[in-house]
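# Observations on the three-dimensional arrangement
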Amino acid sequence: MKLTFLGASHGVPEPRRKCSCTMITLGERVYFVDMGVMAICDLVDRGIPVEAVKGIFITHMHGDHTNGLIHFADLISWYYTGADPEICLPLLEGKDVIESWIALSCHATRDLRYKQVEEGTVFDDGILKVTAIRTQHTKSAFSYRLEAEGKAVLFTGDLQRPHIDFPAALAKETDLVICEGAHFPATEYTPFLEAASPKRVIVNHYAPWNIPHIMELSKALPAMKITMATDGMEVNL
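So, here's what we can say about the structure. (Residues numbered from 1 in each chain as written. Predicted model: local features only at pLDDT ≥ 70, side-chain atom pairs only at ≥ 80, totals over all residues. Heavy atoms only, no water.)

### Some thoughts on the overall build of the protein chain
Secondary structure summary: the protein chain contains 7 helices and 14 strands in total. The globule rule puts the C-alpha radius of gyration for 237 residues at 18 Å, and the 17 Å found for the protein chain is close to it. Projected onto its principal axes, the C-alpha positions of the protein chain cover 55 × 35 × 35 Å. Counting only residues that meet the buried cut, the protein chain has 54% of its 237 residues in that class. The contacts in the protein chain between residues at least 6 apart in sequence include a share of 60% that link residues at least 24 apart. For the protein chain, the accessible area works out to roughly 10,200 Å², and carbon and sulfur atoms hold 54% of it. For the protein chain, the distance from the average site of its 22 positive side-chain charges to the average site of its 30 negative ones is 4 Å. (Helix = DSSP H or I, 4+ residues; strand = E, 2+ residues; numbered from the N terminus. Rg over C-alpha atoms; globule rule 2.2 N^0.38 Å. Buried < 20%, exposed > 50% of the residue type's maximum accessible area, 1.4 Å probe, protein only. Contact = heavy atoms within 4.5 Å. Areas by Shrake-Rupley, 256 points an atom, 1.4 Å probe, with all protein chains shown as cover. Lys, Arg positive; Asp, Glu negative; His and termini not counted. Charge placed at Lys NZ, Arg CZ, Asp CG, Glu CD.)

Shown next as structure tokens:
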């Protein structure tokens, strides 16, 4: 399993830092957690067929996690028509917004496969299994645990605060926990990461003000490999 952070910034882009989007590669199959960037551009740059994308998992509907999705849905509606990913949305009403925007551009919409995210197993194609648990960042927000090739990765998604909605049930026996770092000091993760004891932690979606807190978190858990995501960073599990 390879993870590529296409965007690791917080709510707005910064120099050399785009909004949230992580690509997961399993053999010739590709999946995304969030799509705050125009991901097709990255696929084309990397020589990856758009048709390789099999699943898109949105943590919540804020624009810095979804703005690239309209671009993606538009292009697979009229050009990359061989692409047929399952698009998992926390709010299925997003489907109507996407289709309306495509119609405004005078392109025909396709019957794309949108799915409402609910708690539990939201996706399983025999290669990748994705489990969702509700969080409190918005009225419909989720963390995701991805399992493939004997490995497990947890994306916390955006949280209200770790003591309120850290997805402890999904954090156990994980190879990698990817924590958001935009909305509170990263040190608030300390007791929860200590209890879960993942093999590795990456803080993603962080604001500059939180960098000192991420460093403090790393010092508080010296036995745990804690790093900060950067755009273009690749992790092989």
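After presenting the structure, the write-up continues.
### Considering the sheet that holds strand β3 (residues 29-35)
Sheet architecture is open: 7 strands sit in the order β6-β5-β4-β3-β2-β1-β14, paired in mixed fashion. Both edges of this open sheet fall to β6 (113-116) and β14 (234-236), since each of them pairs with a single strand only. Ignoring which end each strand starts from, the neighbouring axes of this sheet average 20° apart. Looking at chain direction, β3 and strand β4 (residues 53-57) are connected through 4 bridges and run parallel. Each residue of the ladder has a partner; that of Y31, found in β4, is G55. On the sheet, helix α1 (residues 39-46) packs against β1 (2-7), β2 (21-26), β3, β4 and β14 and is oriented at approximately 145° with respect to β3. Lying over the sheet, helix α2 (residues 63-78) contacts β3, β4, β5 (86-89) and β6, oriented at roughly 130° with respect to β3. (Pairing = 2+ DSSP bridges. Axes fitted to C-alpha atoms, helices over the stretch in contact; angles between N-to-C directions.)

### Overview of the side chain of T25
Note that T25 resides in strand β2. By relative accessible area, which is 17% here, T25 ends up buried. Not counting the four nearest positions on each side in its chain, T25 is found in contact with M1, K2 and V30.

### Focus: the environment of V235
Inspection of the secondary structure assignment puts V235 in strand β14. Accessibility expressed as a relative area gives 2% for V235, which makes it buried. A sequence separation of 59 residues divides V235 from L176, and the C-alpha atoms of the two residues are 9.9 Å apart. Among residues more than four places away in sequence, those in contact with V235 are M1, K2, L3, F5, L176, R200 and I202.

### Brief notes about the pattern of salt bridges
Here the structure, examined in full by the defined rule, presents 10 salt bridges. In this structure, the salt-bridge partner of R29 is D125, at a minimum N-O distance of 3.1 Å. Of this pair, R29 sits in strand β3 while D125 is found in the loop between β7 (120-124) and β8 (129-135), placing the two residues 96 residues apart along the sequence. Here the salt bridges do not stand alone but share partners, grouping D84, E86 and R113 into one network. (Salt bridge = Lys/Arg side-chain N within 4 Å of Asp/Glu carboxyl O.)

### Quick word on the pairing of β5
A two-sided burial pattern is seen for β5, the buried positions comprising E86 and C88 on one face and I87 and L89 on the other. Taken together, the 3 bridges between β4 and β5 define a ladder with parallel strand orientation. What sits directly across from I56, in β5, is I87. Once you follow β4 into α2 and on to β5, the crossover reads as right-handed. With 4 bridges joining them, β5 and β6 adopt parallel strand pairing. In the sheet register, I87 faces β6, and the bridge partner there is Y114. (Right-handed = clockwise from strand over helix to strand, strands pointing away.)

Limitation: the analysis is restricted to geometry and does not speak to function.
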